[in-house]
Amino acid sequence: MPPVSTRYRRQDQYGSHLTRPSTPPGLPPLSSHHVPLSTLSFGVVCSSNINRSMEAHQVFANAGLTVESYGTGTNVKLPGRSKMEPQIFKFGTPYEEMYNLLAANFDDETFFTTNGVLPLCRRGASVKTAPQRWQDTPTTAITNHDIVIAFEERIFDAVVNDLQTREATEDFEPIHVICLDTKDHPHEAKKSGRIALELCWLLEKTAHDGGREVLLSETPEILEGFQQERMVHTPVKILYQLCYL
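Residues numbered from 1 in each chain as written. Predicted model: local features only at pLDDT ≥ 70, side-chain atom pairs only at ≥ 80, totals over all residues. Heavy atoms only, no water.

On to the packing of aromatic side chains. The description of an aromatic ring pair uses the distance of the two centres, along with the angle that the planes make with each other. This model, assessed by the stated rule, comprises 4 aromatic pairs. Taking the centre distance of 5.3 Å and the plane angle of 25 degrees together, the rings of Phe-172 and Tyr-244 count as stacked. Of this pair, Phe-172 sits in the loop between helix H6 (153-165) and strand E6 (174-180) while Tyr-244 sits in strand E7 (residues 238-244), placing them 72 residues apart in sequence. Exposure remark for Tyr-244: the relative accessible area of 34% places this residue in the partly exposed category. Across the ring face of Phe-111, the terminal group of Arg-81 is positioned such that the distance to the ring centre comes to 4.4 Å. (Phe/Tyr/Trp six-rings, centres within 6.5 Å; stacked < 30°, edge-to-face > 60°. Helix = DSSP H or I, 4+ residues; strand = E, 2+ residues; numbered from the N terminus. Buried < 20%, exposed > 50% of the residue type's maximum accessible area, 1.4 Å probe, protein only. Lys NZ or Arg CZ within 6 Å of the ring centre and 35° of its normal.)

In structure tokens:
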């Protein structure tokens, strides 16, 4: 496949759209090659649904897992020219629209390319239309997920609190909520996305081999073993909460 340009075409009067950038691979580890594509459904959550959760969304989707991504913030907040001047958008604003607004002139395009914001918008537009807010997502969609990965402790707390305050469904199914604490920086997001994929393939294999009942009983042990193994190479803080909805 020829390389894809890393530069967007802006929409013009004839309705042309941004080009789709190339995406990184998300292959399962060798120990999981015999696991069929997605037995489970995964939700991945960060604050603004543009960096950490989108990295995981892209990697999971490339690996063939069923995944959707979300944010828990009040708005989508992106780095601006200073800490006191963030770029703020409403959830539901298309990534392509964010890109076009932030690249409206040469100076802005140069600045927001250099600080990494435009590449994040470009990556987001290649995966889905717009950022989604977890708390505004209907319960019918939330209950599709078996596993939810939050990439920060406060986001983990927000997800658990939301699940515990929603009206329970008749099925009252378990949702495993896991925190992989990750600094909100593209480089850290890339590392954490691969770690999350490795963990989720272990959970996939458990569900495939033994079913969801075995997953229910063995998840705490899987997480403990994964953290101990991972701490040798990459320190990772893992939190876990079993919720029902």
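Its boundaries defined by the atoms lining it, the largest pocket holds a volume of some 400 Å³. Looking at the largest pocket, it is lined by 22 residues, and the ones nearest its centre are Ser-48, Lys-77, Leu-78, Pro-79 and Asp-184. Those elements that provide at least two residues to the lining of the largest pocket are strand E3 (76-78) and helix H4 (117-127). (1 Å grid on protein atoms, 1.4 Å probe; cavity = no way out; pocket = protein on both sides within 12 Å on 5 of 7 lines; lining within 4 Å. Points joined across faces, edges and corners; volume = space filled by probe spheres on them.)

Right, let's get into a negative patch on the surface. On the surface, Glu-170, Asp-171, Glu-173 and Glu-213 cluster together to form a negatively charged patch. Structurally, the position occupied by Asp-171 is in the loop between H6 and E6. You can call Asp-171 exposed: its relative accessible area is 60%. (Patch = residues over 30% accessible without salt bridge, like charges linked within 9 Å, V, L, I, M, F, W, Y side chains within 5 Å. Areas by Shrake-Rupley, 256 points an atom, 1.4 Å probe, with all protein chains shown as cover. Salt bridge = Lys/Arg side-chain N within 4 Å of Asp/Glu carboxyl O. Lys, Arg positive; Asp, Glu negative; His and termini not counted. Charge placed at Lys NZ, Arg CZ, Asp CG, Glu CD.)

Evaluation of the coordinates by the stated rule reveals 15 salt bridges. One salt bridge in this structure joins Lys-128 and Glu-68, with 3.2 Å as the shortest N-O distance. Here Glu-68 lies in strand E2 (residues 66-71) and Lys-128 lies in the loop between H4 and helix H5 (139-142), a separation of 60 residues in the sequence. For Glu-68, a relative accessible area of 22% translates into the label partly exposed. Residue Asp-108 is joined to Arg-81 by a salt bridge in which the shortest nitrogen-to-oxygen separation is 2.8 Å. Of this pair, Asp-108 sits in helix H3 (residues 106-114) while Arg-81 is found in the loop between E3 and strand E4 (87-89), placing the two residues 27 residues apart along the sequence.

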